[in-house]
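Now for the letters of each chain:
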Amino acid sequence: MEQFAPVKRSKDGQAVQYLIVDDSVFARKNLGRIIESFGGQIAGEAGDGLTAISEYDRLKPDIVLMDITMPQMEGIEAAEKIVQKNPEARVVMVSSVGYQENIVAALQRGARHFVQKPVKPEVLYEVIKYVLGEDGAVASAAGAGA
Amino acid sequence: MKMELIQPFINAADAVLSQGLQSPMAIENLSMEEEAYRFKGVAAMIELSGDIEGRIIFDLAPKTAARVASHFAGTELPETDGLVREAVCELANQVIGNAVAVLNDQGFKFRVHPPALHTSEQGPKSTEDTEALVLCFDTADGPVFMNIALRYHNPTAQASAVGA
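Residues numbered from 1 in each chain as written. Chains lettered and ligands numbered in written order. Predicted model: local features only at pLDDT ≥ 70, side-chain atom pairs only at ≥ 80, totals over all residues. Heavy atoms only, no water.

Asker: Please clarify how the overall build of chain A should be interpreted in this entry.
Answerer: Along its length, chain A carries 5 helices and 7 strands. In chain A, the succession of α and β elements from N to C terminus is β-β-α-β-α-β-α-β-α-β-α-β. In terms of overall size, chain A behaves like a compact globule, its C-alpha atoms giving a radius of gyration of 14 Å where 146 residues would be expected to give roughly 15 Å. Taking the principal axes of its C-alpha atoms as reference, chain A extends roughly 45 × 30 × 25 Å. When each of the 146 residues of chain A is scored for burial, the buried share is 55%. Accessible area for chain A stands at about 6500 Å²; split by element, carbon and sulfur atoms hold 49% of it. A distance of 3 Å separates the average location of the 16 positive side-chain charges in chain A from that of its 20 negative side-chain charges. (Helix = DSSP H or I, 4+ residues; strand = E, 2+ residues; numbered from the N terminus. Rg over C-alpha atoms; globule rule 2.2 N^0.38 Å. Buried < 20%, exposed > 50% of the residue type's maximum accessible area, 1.4 Å probe, protein only. Areas by Shrake-Rupley, 256 points an atom, 1.4 Å probe, with all protein chains shown as cover. Lys, Arg positive; Asp, Glu negative; His and termini not counted. Charge placed at Lys NZ, Arg CZ, Asp CG, Glu CD.)

Pasting the structure below:
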């Protein structure tokens, strides 16, 4: 897999922490591989919206990657609940059902961005940088191991 | 079954498979089926309800499923690995999600149900209303079958969506 210049947290230079939420183990593993190629770290995983809310409270990750269609509680509702309680939360929806109505609903209810599955690593990389804004810094390739 | 319903699924399968397998693919065979569908191996079925109703089955022989899953995972997976079945479900999810996005933007409203894995030999029989179209995609990892049986549930939605 292509390696990207690592994106670190500006405040402490540490790896960006991610919570991956998807009911498919396969999809979670794939997303995990992609964010590791950005120098990110998997803080935790969840297979449904309800677990995502409790895992967010427990882990306080920098970014949540959230699927939409999931059992128990769907992703848009979970994103809304997380953002209501934690306005600083950065939730990026990652779903194959990327129709306009869904995208608008997700953004209106607190998601910061939407990425269509199948995920193109280069697209997610740009979205992550955009969503982190000044809280993220791209390390030089030479400093990748630092 | 109308072509305007089928085309988004063909386009989505082409896009998802070509990107995931990083090689071009082609439709090798296309047929209509009224008899009960006989599964080839690892099959995931997704049901739709709403303005359009029916189901789509994604089906791969076990060896092909392992090769495709390995490609998507970026690491070699044995046929027996549970991740292979997960991968087929996720593949079906992505193809159908992408097709549904196109149909939804055309005005059709419906719900996509989570994928269900099939291990039995025979699938559901099609009816006169939901005659199934079976497509065989020729990929570098082997044939991938997509069995589509859909019908309009709400004729008003059909008229407004097609006219949109």
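Asker: Got a minute to help me understand the packing of aromatic side chains in this structure?
Answerer: Aromatic ring pairs: the centre-centre distance and the angle between the two ring planes describe each pair. This structure, assessed with the given rule, holds 4 aromatic pairs over all chains. Judged by centre distance (5.1 Å) and plane angle (90 degrees), the ring pair of A:Phe4 and A:Phe38 falls under edge-to-face. A residue pair is termed long-range when its members are at least 10 positions apart, and A:Phe4 in the segment before β1 (7-9) and A:Phe38 in the loop between α1 (25-36) and β3 (41-46) qualify at 34 residues. Across the pair, A:Phe38 and A:Phe4 agree in class, each one buried. Members of the aromatic cluster, connected to one another through ring pairs, are A:Phe4, A:Phe38 and A:Tyr125. Directly above the aromatic system of B:Phe145 lies the positively charged group of B:Lys40, at a separation of 4.7 Å from the ring centroid. (Phe/Tyr/Trp six-rings, centres within 6.5 Å; stacked < 30°, edge-to-face > 60°. Lys NZ or Arg CZ within 6 Å of the ring centre and 35° of its normal.)

Asker: Just checking my understanding: could you explain the packing of α1(A) against helix α3 (residues 82-105) of chain B for this structure?
Answerer: The relative placement of two packed helices comes down to the angle between their axes together with the axis-to-axis distance. Relative to each other, α1(A) and α3(B) sit at 90 degrees, their axes nearing to 8 Å. Considering the angle they form, α1(A) stands roughly perpendicular to α3(B). Residue-level contacts link A:Val25, A:Phe26, A:Ala27 and A:Lys29 of α1(A) to B:Leu83, B:Glu86, B:Ala87 and B:Glu90 of α3(B). Among the residues forming the contact of α1(A) with α3(B), the class breakdown is 5 nonpolar, no polar and 3 charged. (Axes fitted to C-alpha atoms, helices over the stretch in contact; angles between N-to-C directions. Parallel < 35°, antiparallel > 145°, perpendicular 65-115°, else oblique. Contact = heavy atoms within 4.5 Å. Nonpolar A, V, L, I, M, F, W, Y, C, P; charged D, E, K, R; others polar.)

Asker: Please clarify how the nonpolar core should be interpreted in this entry.
Answerer: Proteins that are soluble and globular tend to have nonpolar side chains buried together. Among the nonpolar cores identified, the biggest contains 74 residues, and A:Met66, A:Met93, B:Phe9, B:Leu48, B:Ile96, B:Phe137 and B:Met146 are the most heavily contacted of them. Here this core gets 13 residues from one element, more than from any other, and that element is α3(B). Apart from the residues within four sequence positions on either side, A:Met93 is in contact with A:Met66, A:Asp67, A:Ile68, A:Gly75, A:Ile76, A:Ala79, A:Ala106, A:Ala111, A:His113, A:Phe114 and A:Val115. (Core = buried A, V, L, I, M, F, W, Y, C linked by side-chain atoms within 4.5 Å.)

Asker: Help me out: how do you make sense of the pairing of strand β3 (residues 52-60) of chain B in this one?
Answerer: Strand residues, when the strand is regular, have side chains that alternate between the two faces of the sheet. Residue and element names in this part refer to chain B. Counting buried positions along β3 gives 8 out of 9 residues, so the element sits mostly inside the fold. As paired strands, strand β2 (residues 42-50) and β3 are joined by 7 bridges and run antiparallel to one another. Note that in β3 the partner of Ile46 across the bridge is Ile56. Counted along the chain from β2 to the antiparallel partner β3, the turn is 1 residue long. Bridge count for β3 against strand β7 (residues 142-152) is 9 bridges, and the pairing is antiparallel. In the strand pairing of β7, Leu60 is matched with Val144. (Pairing = 2+ DSSP bridges.)

Asker: Is there a simple way to explain the interface of chain A and chain B in this structure?
Answerer: How big an interface is tends to be expressed through the accessible area that disappears when the partners come together. Contacts between the two partners involve 20 residues from chain A, matched on the other side by 21 residues from chain B. Here chain A meets chain B over a buried area of about 1700 Å², counting both sides, of which 54% is carbon and sulfur. Of all residues in chain A, A:Phe26, A:Tyr99 and A:Pro118 give up the largest surface area on contact with chain B, accounting jointly for 38% of the area buried on that side. Summed over the shared surface of chain A and chain B, the number is 3 salt bridges. (Buried area = accessible area lost by both parts, 1.4 Å probe. Salt bridge = Lys/Arg side-chain N within 4 Å of Asp/Glu carboxyl O.)

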